[in-house]
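Here is what each chain is made of, one letter per residue.
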Amino acid sequence: MAKRIEVKDLDIYYDKFLAVQGVSMTIQPRSVTALIGPSGCGKSTFLRTLNRMHELVPNARVEGSVVMDDDDLYGPNVDPVNVRRQIGMVFQRANPFPTMSIYDNVAAGLKLNNKRLKKSDMDGLVERSLKSANLWEEVKDRLHKPGSGLSGGQQQRLCIARAIAVQPEVLLMDEPCSALDPISTQAIEDLMLELKENYTIVIVTHNMQQAARVSDTTGFFNLQGVGKPGELVEIDETTKIFSTPSQKATEDYISGRFG
Amino acid sequence: MSTSLTTPEQDPDLNAPLGGVSLTAGQLPRGAAPATLVAAGLAGLLLWLLADWAIVPCALLAAAAYVVIVYTWSRAVEGPRKATDRFVTAAVSGAFLLALLPLVSVIVTVVSRGVVRFDAEFFSYSMVGVSGEGGGIYHAMMGTLIITGLAALISVPIGMLTAIYLVEYGRGKLAKAITFFVDVMTGIPSIVAGLFAYALFVMIFGPGVRMGFAGAVALSVLMIPTVVRSTEEMLKLVPNELREASYALAVPKWRTIVKVVLPTALAGIATGVTLAIARVIGETAPLLVTAGLTDGDNFDPFEGRMTTLSVFSYYEYQSPGLFAEAAYDRAWGAALVLMIIVMVLNLVARAISKLFAPKTR
Ligand SMILES: Nc1ncnc2c1ncn2[C@@H]1O[C@H](COP(=O)(O)OP(=O)(O)O)[C@@H](O)[C@H]1O
Ligand SMILES: [Mg+2]
């Protein structure tokens, strides 16, 4: 598990609008890579190109290459469904399936794809996933109650459990804590530190303290101006970005001198 | 018109200290408005009973008296804002009662005239050999159920698949064209649908053809646009986030639709379908030209004439024969049964939406 992702000269379009330009970066396996930057600079857009969710928007497309270990994710015969099998995603707003119980939500990746497991294997998988997401103790007595009855923080951890139940290589998280209280945020940050033992994690966050706490590598995205495409200003070890960044724009942003 | 100093409508003197404007205002005594209403009602009642006026002018007069009295009284005591409020409240309630009137009157008439024939024979016999009293609507009830059931069987899959195409796949010209034609179909008069189905079956089976299935086709023409519209609305309500969550779990699009989108929207779709059925079940004109009428049982929709409740009711009224009273009773009885079926369908729709709605605990 856990794979390296090489992004090279990636241009990302919404129809004719160039949203993100010329991104090149290496995402290391078994580590947390944080993406920071002002709102609207294309962090979510970039993240969604990594598991080919970007192309779900009509007429959206990319140019450039994204290579995971040795597989080009945008190669000619690549099925986006297979890409998403290996690269899971957690969204900004927790989105458990409202028609399913907690148990079924965790098992959704298998059940929706009609993969049948023995009952005991499925139970084990659900328990392991919920334990990895630090949610097991809170829900073990109500596994067959609806997932939408949980609190916001619990729902977000349920979504993480659902994403890791299919055992992806990479986990993408788009501002997973932005709608959560500090205690739930703490729980999810702890969780990320545990998960990086086995997964490659990429997290978009608005919270710079969070980036500093959980990530090994930090990338800073910025916009040249209104209507201009977003771009990756620099990416480096987190300690370096937060102490001695090489670009002035990065320093301005992390020291709060930026809008 | 006297305005007391304490009404808030008076322009506050901007130079006065803030405490100068009082927060309290005059109020009608508790129960004043209901008491006025009762008094006006009683006055109307007296006019009707003693002065021997017709009931409608009495009621209108009582209502007008109530509005005038309460408005002027309230304006004097409470000020123009409250008075306007009372006036509008009275107007809105009056409009509601007026709208309710025909509904109540229909129910009362149909029930009182329909129950006359609610006996065992009515529900278990057809009209074979009946020329006077007696006879039943068993054949018509079965006809209605068979034809409407077939219509639902045709329209629900077509309508739902169309809606799924429009919401989940449709882009560009084709989707626009389909939306346009669905809109046009919504406005088709039901007799046109009947003539269309009749013409279609004449092309296949020759002139004079009558069969239940043709009636079902005619009803489908009316039902499909309703099903498309309601399903479309329900699918649009499913948050995109759920679709994305499913894609992110490597679930292909068609499985996402079948296993995530449809179950989430199921309650609304089922309600919409039930209401669409309720809408066409009482159609008469299209069935008159396609399915026709017969006195006996015919439960084969592909062969021969088939009676439905609405057509039966129409014929009993239109050509009652020598024993007119008995025929009228049967007509009202059939109408009442139809009304009960529609009501049951509405209740079923409610139950379904309760049953399938996503639960939170
Ligand atoms: N579905 C979309 N269609 C068109 N433009 C979009 C869409 N989503 C985002 N954008 C545009 O792409 C740019 C980057 O947005 P986004 O990736 O959401 O920024 P961030 O996540 O960094 O706040 C913005 O200019 C935004 O308006
Ligand atoms: Mg974003």
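What comes next is a walk through the structure. (Residues numbered from 1 in each chain as written. Chains lettered and ligands numbered in written order. Predicted model: local features only at pLDDT ≥ 70, side-chain atom pairs only at ≥ 80, totals over all residues. Heavy atoms only, no water.)

A tally of helices and strands in chain B yields 13 helices and 0 strands. Element order for chain B, N to C, with α for helix and β for strand: α-α-α-α-α-α-α-α-α-α-α-α-α. Computed over the C-alpha atoms, the radius of gyration of chain B is 29 Å, more than 25% above the 21 Å expected from 2.2 N^0.38 for a compact globule of 361 residues. Taken over the C-alpha atoms alone, chain B extends approximately 90 × 70 × 40 Å along its principal axes. Restricting to contacts in chain B with at least 6 residues of sequence separation, those with at least 24 account for 70%. (Helix = DSSP H or I, 4+ residues; strand = E, 2+ residues; numbered from the N terminus. Rg over C-alpha atoms; globule rule 2.2 N^0.38 Å. Contact = heavy atoms within 4.5 Å.)

Residues and elements named next belong to chain A. Close contacts around ligand 1 come from Tyr14, Phe17, Ala19, Ser39, Gly40, Cys41, Gly42, Lys43, Ser44, Thr45 and Val57, and that covers them all. Here an oxygen atom of ligand 1 sits 2.8 Å away from a polar atom, N or O, in the main chain of Lys43. A distance of 2.4 Å is found between an oxygen atom of ligand 1 and a side-chain nitrogen or oxygen belonging to Thr45. Taking 560 Å² as the accessible area of ligand 1 by itself, protein coverage stands at 62%. The set of elements that each furnish at least two residues to the shell around ligand 1 consists of strand 2 (17-27) and helix 1 (43-50). For the shell around ligand 1, the per-class residue count stands at 5 nonpolar, 5 polar and 1 charged. (Near = heavy atom within 4 Å. Polar contact = N/O pair within 3.5 Å; in protein donor to acceptor, adjacent residues only side chain to side chain. Areas by Shrake-Rupley, 256 points an atom, 1.4 Å probe, with all protein chains shown as cover. Nonpolar A, V, L, I, M, F, W, Y, C, P; charged D, E, K, R; others polar.)

A separate point is the layout of surface pockets. Roughly 950 Å³ of volume is contained in the largest pocket. As for the largest pocket, its lining consists of 28 residues, and the residues nearest its centre are B:Leu37, B:Ala59, B:Ala63, B:Gly94 and B:Leu97. Elements that contribute at least two residues to the lining of the largest pocket include exactly helix 1 (32-49), helix 2 (55-78) and helix 3 (80-114) of chain B. Counting residues per element, the lining of the largest pocket draws most heavily on helix 3 of chain B, which supplies 11 residues. Considering only residue class, the lining of the largest pocket consists of 21 nonpolar, 5 polar and 2 charged. Reported here for the second largest pocket is a volume of approximately 410 Å³. Lining the second largest pocket are 18 residues, and of these A:Leu56, B:Glu168, B:Asn240, B:Tyr247 and B:Lys253 sit closest to its centre. For the lining of the second largest pocket, the secondary structure elements donating two or more residues are helix 2 (80-86) of chain A together with helix 5 (138-169) and helix 9 (240-248) of chain B. When residues in the lining of the second largest pocket are grouped by element, the largest group, 4 residues, is from helix 9 of chain B. Here the residues of the lining of the second largest pocket sort into 9 nonpolar, 1 polar and 8 charged. (1 Å grid on protein atoms, 1.4 Å probe; cavity = no way out; pocket = protein on both sides within 12 Å on 5 of 7 lines; lining within 4 Å. Points joined across faces, edges and corners; volume = space filled by probe spheres on them.)

Right, let's get into the side chain of B:Ser126. Residues and elements named next belong to chain B. With respect to the secondary-structure elements, Ser126 resides in the loop between helix 4 (120-124) and helix 5. Residue Ser126 is classed as buried on the basis of its relative accessible area, which comes to 15%. Setting aside residues no more than four positions away along its own chain, Ser126 makes contact with Gly135, Gly136, Tyr138, His139, Asp295, Gly296 and Asp297. (Buried < 20%, exposed > 50% of the residue type's maximum accessible area, 1.4 Å probe, protein only.)

Quick look at the packing of aromatic side chains now. Tallied over the full model, the rule gives 13 aromatic pairs over all chains. Where A:Phe46 meets A:Phe221, the ring centres are 5.4 Å apart and the plane angle is 45°; that geometry is what we call tilted. Of this pair, A:Phe46 sits in helix 1 while A:Phe221 sits in strand 9 (residues 217-223); the two residues are 175 residues apart in sequence, bridging distant segments of the chain. What makes A:Phe221 buried here is its relative accessible area of 0%. Consider the rings of B:Phe201 and B:Phe205, whose centres lie 6.0 Å apart with planes at 15°: the pair is stacked. Pair noted here: B:Phe201 and B:Phe205 are both in helix 7 (residues 190-205), with a separation of 4 residues, about one helical turn. In this structure B:Phe205 comes out as exposed when scored by relative accessible area, which is 51%. (Phe/Tyr/Trp six-rings, centres within 6.5 Å; stacked < 30°, edge-to-face > 60°.)

Here B:Thr274 is to be found in helix 10 (residues 253-280). Residues contacting B:Thr274, with those up to four places away along its chain left out, are B:Leu345, B:Val348, B:Ala349 and B:Ile352.

A few words on empty space enclosed by the protein. To find leftover empty space, a probe the size of one water molecule is rolled over the atoms. Throughout the structure, instances matching the rule amount to 2 cavities of 30 Å³ or more. If you add up the space inside the largest cavity, you get close to 50 Å³. The set of elements that each furnish at least two residues to the lining of the largest cavity consists of strand 6 (87-90) and helix 7 (152-165) of chain A together with helix 9 of chain B. Sorting elements by how many residues they give to the lining of the largest cavity places helix 7 of chain A first, with 3 residues. Partitioned by chemical class, the residues of the lining of the largest cavity number 8 nonpolar, 1 polar and 1 charged. Looking at the second largest cavity, the residues that line it are B:Val67, B:Val70, B:Tyr71, B:Ala83, B:Arg86, B:Phe87 and B:Ala90. Looking at the lining of the second largest cavity, the elements that each hand over two or more residues are helix 2 and helix 3 of chain B. With 4 residues, the top contributor of residues to the lining of the second largest cavity is helix 3 of chain B.

Now for the state of the cysteines. Residue and element names in this part refer to chain A. Under the counting rule described, the total for this entry stands at 0 disulfides over all chains. This cysteine, Cys177, is not joined by any disulfide, and Cys159 carries the nearest cysteine sulfur, 12 Å off. Residue classification places Cys177 among the buried positions, given a relative accessible area of 8%. (Disulfide = S-S within 2.5 Å.)

Our focus in this paragraph is the nonpolar core. Ranked by internal contacts, the top residues of the largest apolar core, which has 58 residues, are A:Phe97, B:Ile137, B:Met223, B:Leu235 and B:Leu309. Only helix 5, helix 6 (172-186), helix 8 (212-237), helix 9, helix 10, helix 12 (309-318) and helix 13 (324-356) of chain B provide two or more residues apiece to this core. Contacts of A:Phe97, omitting those with residues within four sequence positions, involve A:Asn105, A:Ala108, A:Leu112, A:Arg162, B:Leu242, B:Ala245, B:Ser246, B:Leu249 and B:Val260. One finds A:Leu135, A:Ala163, A:Cys177 and A:Leu180 within the second-largest nonpolar core, a separate group that totals 41 residues. (Core = buried A, V, L, I, M, F, W, Y, C linked by side-chain atoms within 4.5 Å.)

The interface of chain A with chain B comprises 30 residues on the first partner and 21 residues on the second. Both faces combined, the contact of chain A with chain B buries some 2100 Å², and carbon together with sulfur accounts for 64% of it. Connecting chain A to chain B are 2 salt bridges. Notably, a salt bridge pairs B:Glu241 with A:Arg93, separated by 3.5 Å at the nearest N-O pair. Summed over the shared surface of chain A and chain B, the result is 5 residue pairs in polar contact (both at pLDDT 80 or more). Of all the elements in the fold, those that place two or more residues in the side of chain A that touches chain B are helix 2, strand 6, helix 4 (108-111) and helix 7 of chain A. When its residues are assigned to classes, the side of chain A that touches chain B shows 15 nonpolar, 8 polar and 7 charged. (Buried area = accessible area lost by both parts, 1.4 Å probe. Salt bridge = Lys/Arg side-chain N within 4 Å of Asp/Glu carboxyl O.)

With that settled, the discussion passes to the sheet that holds strand 5 (residues 71-72) of chain A. All names here are of chain A. The 10 strands lie next to each other as 5-4-1-2-10-9-3-8-7-6, forming an open sheet whose pairing is mixed. At either end of the open sheet lies a strand with only one pairing partner, and these are strand 5 and strand 6. The pairing of strand 3 (residues 32-36) with strand 8 (residues 200-204) spans 4 bridges and is classified as parallel. In the sheet register, Ala34 faces strand 8, and the bridge partner there is Ile203. Against the sheet, helix 1 engages strand 1 (5-14), strand 2, strand 3, strand 4 (60-68), strand 6, strand 7 (170-174), strand 8 and strand 9, with an angle of about 120° to strand 1. Across the sheet, helix 7 is in contact with strand 6 and strand 7; its angle to strand 6 comes to roughly 175°. (Pairing = 2+ DSSP bridges. Axes fitted to C-alpha atoms, helices over the stretch in contact; angles between N-to-C directions.)

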